[in-house]
Amino acid sequence: MSGGAGGRPVLVVGEALVDLVPAADGGGALRPLPGGAAANVAAALARLGGHAVFAGTLGSDAFGRRCEERLRRAGADLSLCGRSELPTALAVADPDGHSTRYDFHLHATATFELTPPPGGLDRFAAVYAGGLAAVREPAAGAVAAVAEQAAALGRLVVDPNVRADRTLDPADGARRLRRLCELARVVKASDEDLRALWPGRTPEESCARLADGGRLVLLTLGARGSTAFLPGGGRVRAAAPPVRVADTIGAGDAFTAACLDRFAREGVPGPGAPEESVRRLLEYAGGVAAAVVARPGADLPEGFAPGAPVPLEAGAHRLT
């Protein structure tokens, strides 16, 4: 992958849905916020100034219209986005400040009526895959087809974004996500993702094995920062910026979006990349993620400027 002036377009394949998030007043009400791993990535990438092309399917209901409005306001390109008369999938979020558990309502929704985008993928600097669309049919087959094409070009970036829920088959989902990681040029994953996918190894062991196959692997560790495992050996670590956490929804997606932004502009660090340039990548992505966790929901604040101080909202605890 190589970036051009201003960054080449990035294809983001996957789901747009609505997160039902507890209201800030603690009264038990749920607030609907547009979400979905792929939509979060596309929106954040667009807000960072990248050319994010979202290839998902939007429902015809009010929630679908909110998802579309959110993506348009962020500046995402919806020219490859599908439309469906089915309703939008819902994810009921249960955040505790450190992580978020979800209960999904996915059956017969527009969210997973996904078809591969037409034409070749060589015009894209990178192709993102992962999240629920990678494990939920009928979307999963389309994601797999796009991933195979992108892998052949060396442009596949995967964030497995493992989710556990009664509506999902954990064994089948893990198999699909492991396959995506094996195809990828870049894998971004949390320690929780890797424990779920390779339970017999430590997250660091899984990262090292993936990197030995020629991949760049980015491991996120929440408050403990992040580590890059370079192809063929070498590790670079970066600390997480201190921030008071409102919720962690969309933090990993924002980190991924920031990496995609840099990849589209500068290319992917390869063997022998200077440690300082890799550390700057991790610090940039960590700062973008911090800006998301400092406020409720999965979106960067409008007018967000990378490197600006992260707001510390009252009532949330400090994460160090």
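Please read these numbers as outputs of a predicted model, since none were measured by experiment.

A.B. asks: Kindly report on the packing of aromatic side chains, identifying the contributing residues and their values.
C.D. replies: For the structure shown, the criterion picks out zero aromatic pairs. The ring of Tyr 284 carries Arg 262 above its face, with NZ or CZ at 4.0 Å from the centroid.

A.B. asks: Explain the side chain of Thr 220 residue by residue, including any values.
C.D. replies: Within the secondary structure, Thr 220 is located in strand E12 (residues 216-220). On the accessibility criterion, Thr 220 (12% relative accessible area) is buried.

A.B. asks: Go over the nonpolar core, please, and point to the residues and values.
C.D. replies: The biggest cluster of nonpolar side chains holds 58 residues, and the ones touching the most others in it are Phe 54, Leu 218, Leu 260 and Phe 263. Tyr 102, Phe 124, Ala 129 and Ile 249 belong to the second-largest nonpolar core, a separate cluster that totals 52 residues.

A.B. asks: I'd love a proper account of helix H3 (residues 139-152), names of residues and values included.
C.D. replies: Over its 14 residues, H3 extends 20 Å from the first C-alpha to the last, a length consistent with the 20 Å expected when each residue adds 1.5 Å. Ala 139, Ala 140, Ala 142, Val 143, Val 146, Ala 147 and Ala 150 are the residues of H3 that are buried. Buried residues in H3, looked at end-on, bunch into an arc of 155 degrees, giving them a common side. At its buried positions, H3 is contacted by strand E1 (10-13), strand E9 (126-130), strand E10 (156-159) and helix H4 (170-183). Just downstream of H3, Gly 154 is the residue with a positive phi angle, here 70 degrees.

A.B. asks: I'd like a description of the sheet that holds strand E13 (residues 226-229), backed by residues and values.
C.D. replies: An order of E4-E1-E9-E10-E11-E12-E13-E14 is seen for the eight strands of this open sheet, with the pairing classed as mixed. Among the strands making up the open sheet, the edge pair consists of strand E4 (52-55) and strand E14 (235-238). Between one strand and the next, the sheet's axes are offset by a mean angle of 20 degrees, whatever the strand orientation. Here E1 runs beside E4; their pairing, made up of four bridges, is parallel. Across the sheet, Val 12 pairs through a bridge with Phe 54, a residue of E4. Set on the sheet, H4 makes contact with E9, E10 and strand E11 (186-190); between it and E10 the angle comes to about 140 degrees.

Calculation notes
Residues numbered from 1 in each chain as written. Predicted model: local features only at pLDDT ≥ 70, side-chain atom pairs only at ≥ 80, totals over all residues. Heavy atoms only, no water. Phe/Tyr/Trp six-rings, centres within 6.5 Å; stacked < 30°, edge-to-face > 60°. Lys NZ or Arg CZ within 6 Å of the ring centre and 35° of its normal. Helix = DSSP H or I, 4+ residues; strand = E, 2+ residues; numbered from the N terminus. Buried < 20%, exposed > 50% of the residue type's maximum accessible area, 1.4 Å probe, protein only. Core = buried A, V, L, I, M, F, W, Y, C linked by side-chain atoms within 4.5 Å. Expected span 1.5 Å × (residues − 1). Arc of directions from axis to C-beta. Contact = heavy atoms within 4.5 Å. Pairing = 2+ DSSP bridges. Axes fitted to C-alpha atoms, helices over the stretch in contact; angles between N-to-C directions.

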